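The lines below spell out each chain.
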Amino acid sequence: MFPGLLPRSCDTFVALPPAAAGARVVFGKNSDRPADEVQEVVHFPAAAHPAGAALECTYITIEQVEKTCAVVLSRPAWLWGAEMGANEHGVCIGNEAVWGREEVGDEEALLGMDLVRLGLERADTAEKALTVIVDLLEKYGQGGNCMESHMAFTYYNSFLIADRKEAWVLETSGKYWAAEKVEGGVRNISNQLSITTKIDREHPGLREYAKSKGWWDGEKEFDFAATYSYVNTARMTTSRGRYCEGYKLLNKHKGSITSEIMMEILRDKESGINMEGGFMTTGSMVSVLPQQANLPCIHFFTGTPDPARSVFKPFIFVPNVTQLLKTSSPTFGQDDPVKKQPRFQTKPDRRHELYKKHESAAVVMETTKGKGEELLKGIQELEKQKINEMESILQNGCLDTSQAVNLFSQCVEEELKIYS
């Protein structure tokens, strides 16, 4: 573990009707990671795989399944999994680092980020994704360094999983887990266990294990977060932590939460949700999941650090999506320092084209008043235009698939033009 980094890493949110405006579910996440880490936005089409095929994840190889769904992912460029993403069926997942009473080992297994991608690739509903994740957790375990560094940074994981109808919070401690179904209103997760006494699914040995460790007497009502961590669950929504700040921001907008409101929440610096410093928000995502099955789900990704100085660019799943080349990082194959033992001896330049141009533009925004304001205005106008175009698609139910194939890539090109 890397104690200095413990309290910092991500916030994930969901709003369901009636808290979300219209008959839509709105999902959002900020990925807070080491400030120099590049996050890429990548798309993988649906695929069929031969029986008995193997799948190489970040550290370990597991069994592949016969068919995988199309996915769009925002991920640290050095690993296989993802911090957040969506699939062609409108399932969205984001994960969080959590710590508790159970010590985190340093054996390599599946990363929480691998589990995010595996859930998206293998499930067409939120609850099925939850089942995929807990089954893999049981079979392969979770563990391994979560940072591209020879310093170990390890943690357990919580997940917020949403689809067009409902959401689930899944929180883990080693192989043990509890899950809570969210059927309406708002829910957020941060870097702490947050499931208390409303437990809708759980590991069959969850309570017995807690008793065997002396964490629960078997008499009083079972409270997962209080039992498996040191959280004072009575004060969770009133303390000054990011979990509480996120909870307050969601509740402030309850009844009118849209994609734009979710973006506003993710941009909030005062609450610490838009994080700055050695750990910062390196990528952000917002998804709109209409409850009407004939309307497309729309997924916005920045692919760049600091959402306050980034563009949320829309992506829609259609056949033959143009590959997202300008937000894909270079690859190094078997020469990648992640693949070699001992790992992480060197650190290659993983910056993609958008990241490089945005990096230069961010310096201008910070240091040159007139030019900086002009750049910021340009990207804000571009984002607003895209949000309006997406709203029009949702209102009219008309999607031109020939344009949708280039939707994200075209927006990246327009953003790059502003920077040049």
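Just so we're clear, the structure is a prediction, and the values are computed from it rather than from any experiment. (Residues numbered from 1 in each chain as written. Predicted model: local features only at pLDDT ≥ 70, side-chain atom pairs only at ≥ 80, totals over all residues. Heavy atoms only, no water.)

Draft legend 1. Region of interest: the environment of K211. Checked against the element boundaries, K211 lands in helix α3 (residues 206–212). Judged by its relative accessible area of 37%, K211 is partly exposed. Spatially, the C-alpha atom of K211 lies 9.6 Å from that of T227, the residues being 16 residues apart in sequence. Each residue touching K211, except ones within four places of it in the same chain, is listed here: W216, D217 and G218. (Helix = DSSP H or I, 4+ residues; strand = E, 2+ residues; numbered from the N terminus. Buried < 20%, exposed > 50% of the residue type's maximum accessible area, 1.4 Å probe, protein only. Contact = heavy atoms within 4.5 Å.)

Draft legend 2. Geometry of the environment of K128. As for its placement among the helices and strands, K128 is situated in helix α2 (residues 126–140). Residue K128 is classed as partly exposed on the basis of its relative accessible area, which comes to 46%. When the C-alpha atoms of K128 and V91 are compared, they prove to be 9.7 Å apart, with 37 residues separating the residues in sequence.

Draft legend 3. Spatial organisation of the confidence of the model for the protein. With 98% of its residues at a pLDDT of 70 or more, the protein shows a mean pLDDT of 95. Contacts for the low-pLDDT stretch residues 1–7, under 50 throughout, to residues beyond four places or in other chains number 15 contacts. (pLDDT = per-residue confidence, 0-100.)

Draft legend 4. Quick peek at the environment of D36. Inspection of the secondary structure puts D36 in the loop between β2 (24–34) and β3 (39–44). Considered as a pair, D36 and G278 are 242 residues apart in the sequence and their alpha carbons are 8.3 Å apart. Of note is the side chain of D36, whose polar atom sits 3.3 Å from the side chain of K347. (Polar contact = N/O pair within 3.5 Å; in protein donor to acceptor, adjacent residues only side chain to side chain.)

Draft legend 5. Quick peek at the sheet that holds strand β12 (residues 167–173). Taken in spatial order, the eight strands of this open sheet run β3-β8-β9-β10-β11-β12-β13-β15, and their pairing is antiparallel. Bordering the open sheet on either side are β3 and β15 (201–202), each of which pairs with just one other strand. Where strand β8 (residues 71–76) lies against strand β9 (residues 84–87), four bridges are found, and the strand directions are antiparallel. Within β9, the position partnered with V71 by the bridge is N87. Relative to the sheet, α2 contacts β10 (92–98), β11 (156–162), β12, β13 (176–182) and β15, its axis offset from that of β12 by approximately 10 degrees. (Pairing = 2+ DSSP bridges. Axes fitted to C-alpha atoms, helices over the stretch in contact; angles between N-to-C directions.)

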